[in-house]
Amino acid sequence: MSTTSLLSRSTSPFFKRPLLATMMTALVAAISVTGCSSPESDASESADATATNQTANESANVANNDAVSAEKITVNTVKGDVELAMSPSPLVVYDMTLMQDLAALDVAVDGMPGNLRLDNLHSETQPEPKAVGTVFEPDLEALNAMQPQAILVGSRMAEKYNELSNIAPTLDMSIDTANIYESSKQRLHDLGALFGKSDQAATLQQNIDTLIDETKGVTKNKGTGLVVMVNGNKMSAYGDKSRYGFIHTVLDVPMADKQIADAPHGQPVSFEYIQKANPDWLFVIDRSAAIGEDGIGAKAVLDNPLVAQTNAWSKQQVVYLSPDSYLAFGGYYQWMQDLTTIKDAFSNAK
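Residues numbered from 1 in each chain as written. Predicted model: local features only at pLDDT ≥ 70, side-chain atom pairs only at ≥ 80, totals over all residues. Heavy atoms only, no water.

A. Structural view of the packing of aromatic side chains. This structure, assessed with the given rule, holds six aromatic pairs. Between tyrosine 181 and tryptophan 335, the aromatic rings sit 6.2 Å apart at their centres with planes inclined by 85°, giving edge-to-face as the arrangement. Placement of the pair is tyrosine 181 in helix α6 (residues 180–194) and tryptophan 335 in helix α14 (residues 332–347), with a sequence separation of 154 residues. For the pair formed by tyrosine 181 and tryptophan 335, the shared burial category is buried. Where phenylalanine 246 meets tryptophan 335, the ring centres are 5.1 Å apart and the plane angle is 65°; that geometry is what we call edge-to-face. With phenylalanine 246 in helix α8 (residues 246–249) and tryptophan 335 in helix α14, this residue pair connects regions lying 89 residues apart in the sequence. (Phe/Tyr/Trp six-rings, centres within 6.5 Å; stacked < 30°, edge-to-face > 60°. Helix = DSSP H or I, 4+ residues; strand = E, 2+ residues; numbered from the N terminus. Buried < 20%, exposed > 50% of the residue type's maximum accessible area, 1.4 Å probe, protein only.)

B. Highlighting the packing of α6 against helix α7 (residues 198–219). For the pair α6 and α7, the least separation of the axes is 7 Å and the interaxial angle reads 155°. Considering their axes alone, α6 and α7 lie roughly antiparallel with respect to each other. Between α6 and α7 the crossing geometry is right-handed. On α7, the residues that touch Tyr181, Lys185, Leu188, Gly192 and Ala193 of α6 are Ser198, Ala201, Leu204, Gln205, Asp209 and Ile212. (Axes fitted to C-alpha atoms, helices over the stretch in contact; angles between N-to-C directions. Parallel < 35°, antiparallel > 145°, perpendicular 65-115°, else oblique. Left-handed = near helix turned anticlockwise from the far one by under 90°. Contact = heavy atoms within 4.5 Å.)

C. Broad picture of the environment of histidine 248. With respect to the helices, strands and loops of the structure, histidine 248 is situated in helix α8. With a relative accessible area of 9%, histidine 248 lands in the buried category. Considered as a pair, histidine 248 and glycine 225 are 23 residues apart in the sequence and their alpha carbons are 7.9 Å apart. Discounting chain neighbours no more than four positions away, the residues touching histidine 248 are Gly225, Val227, Tyr238, Gly239, Asp240, Val253, Pro254 and Met255.

D. Structural detail: the sheet that holds strand β13 (residues 318–320). Taken together, the five strands give an open sheet; going across it, the order is β11-β10-β9-β12-β13, and neighbouring strands pair in mixed fashion. The open sheet has two edge strands with one neighbour each: β11 (267–269) and β13. Direction aside, neighbouring strands of the sheet carry axes that sit 35° apart on average. In terms of strand pairing, strand β12 (residues 281–286) meets β13 through three bridges, oriented parallel. (Pairing = 2+ DSSP bridges.)

E. Spatial organisation of the environment of aspartate 262. If you trace the backbone, aspartate 262 turns up in the loop between α8 and β11. The exposure class of aspartate 262 is exposed, given its relative accessible area of 56%. C-alpha of aspartate 262 to C-alpha of tyrosine 238: the two residues are 24 residues apart in sequence and 7.5 Å apart in space.

F. Inspection of α7 at higher detail. If you check α7, its first and last C-alpha atoms are 31 Å apart, about what 22 residues at 1.5 Å a residue would give, namely 32 Å. What α7 keeps buried is the set Ala201, Leu204, Gln205, Ile208, Asp209, Leu211, Ile212, Thr215, Val218 and Thr219. Where the residues of α7 are buried, they touch α3 (96–104), α6 and α14. Directly beyond the C-terminal end of α7, a positive phi value near 60° is found at asparagine 221. (Expected span 1.5 Å × (residues − 1).)

G. Quick look at α14. Between its first and last C-alpha, α14 extends 22 Å over 16 residues, near the 22 Å set by a 1.5 Å rise per residue. What α14 keeps buried is the set Tyr332, Gln334, Trp335, Asp338, Leu339, Ile342 and Phe346. Projection of α14 onto a plane perpendicular to its axis shows the buried side chains occupying an angular sector of 155°, all on one side. (Arc of directions from axis to C-beta.)

H. Representation of the nonpolar core within the structure. Within the largest apolar cluster, 61 residues are counted, with the highest numbers of intra-cluster contacts made by Leu91, Leu102, Leu152, Phe283 and Ile342. Beyond its immediate chain neighbours, meaning those up to four positions away, leucine 152 contacts Leu91, Val92, Val93, Tyr94, Asp95, Leu98, Leu102, Leu171, Met173 and Leu191. (Core = buried A, V, L, I, M, F, W, Y, C linked by side-chain atoms within 4.5 Å.)

I. Structural view of the packing of α3 against α14. Direction vectors running N to C along α3 and α14 enclose 90°, while the axes themselves pass 6 Å from each other. Between α3 and α14, the interaxial angle falls into the category roughly perpendicular. Along the contact surface, α3 presents Gln100, Asp101, Ala103 and Ala104, while α14 presents Tyr332, Tyr333 and Gln334. Its residues placed into classes, the contact of α3 with α14 shows four nonpolar, two polar and one charged. (Nonpolar A, V, L, I, M, F, W, Y, C, P; charged D, E, K, R; others polar.)

J. Local environment of the pattern of salt bridges. Considering all chains together, one arrives at five salt bridges under this definition. With its nearest N and O atoms 3.6 Å apart, the salt bridge here joins arginine 187 to aspartate 95. Pair noted here: arginine 187 is in helix α6 and aspartate 95 is in the loop between β4 (91–93) and α3, with a separation of 92 residues, a long-range link. Summarising the burial analysis for this pair, arginine 187 and aspartate 95 share the class buried. For lysine 343, the salt bridge goes to glutamate 214, with nearest N and O atoms at 2.9 Å. Note that lysine 343 is positioned in helix α14 and glutamate 214 in helix α7, a separation of 129 residues in sequence. Exposure remark for lysine 343: the relative accessible area of 23% places this residue in the partly exposed category. By relative accessible area, glutamate 214 is classed as partly exposed at 37%. (Salt bridge = Lys/Arg side-chain N within 4 Å of Asp/Glu carboxyl O.)

Printed below as a string of C-alpha cells:
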C-alpha cells in the first residue's frame, strides 16, 4: 500500500476564539435579556446553559492541539477515505512510527500504549499521554472513558481496526514496507495537513532528504550490502522489498544476494549463508536488544569463524541499526538516526 495524499477540506471556518471568551460572551448575552424574558425563553436559556456546561466539560478532556477546529479534512488511508475534523483531540495513537512523526511535529497525543521502550515517541512540550493498552491490544475501557475524536493505528494494531472504529474514527496509516521512503514521506505530509502543521512537516522531510543525499554521497561504489536481523541464536536476511529495503532502494547499496525471499519476518539464514553471500557491508538489527529481552547480543552471535571470512567482518564494515529500525521503521527519528549511523560508518571506512 502506498498512502496517497489528503484529498479535501470542507469550507467550514476554524473556531478562532478561545473557549473561555466564547463562554463569557454567551453568559453576558444571557444576562442582558433576563429582565424581559418569558417563561418559554427562561426554559430555552436553561437548556442553552446546560449545553454550554456540557461543552465546557467535554473540552476539559481536550489536549493541547491548539484550538479544536470545525474544518473537515478527508484522509485517504489503507481502509479508504476517512473524514474527520482537523486537529482531532482527544487523540489516541497505537503506532510508534506515527508517534515519532507526531512528536517531531509537536502534536499532543492524549493516549498511547504503555511501557514503550523508545524515548522519542511524544513531544516533550506536551502533557504526558495516558496509557490505553499495548501496541497489540487496546484498553477499551480506557478508550471509552477518554472518548477520543480520532484513533491512529499502524501495522501492529491494524488487525483491531474494526473494533476501534466502533469507538472513534480510526485511521489505518500503515507504511508500505515495499516502498518505505515514498510511503513514509506521504504519511508525514498527511499528518502535517491533518494537524495544521504542513510547513513543519515539509521542514522535517527536507531534513530527511538532505541526510539521504549526504549518505548516498558516501555509500556510492563502496560495495555490496546484506541486512540481517539477529533474534537470539536465529538470523534472518531482508531484501529490497522489506522494511529495511531503503538501504538498497534509497541509498543504492547493491544487494549481496539478489534472491532473498520477500517475507514479513525475513528469510531464515545461517552462518554458511552469510559466508557465501560475502557482503562488503553487513547491516545488523538486534531484535532481542530492541524489545528488551535478555540473552546473547547480535555482535556475539555474529562473532563466528564463517562470518569472520566475509569482507564486511574482516574490514570491520558492520553497521548496527537502531532499535527504532525495528520498532518505528519509517518514523522521523528512525530515518535521522540510521542515516547518520550509516553515513558515519561509510565515511570512516578504510
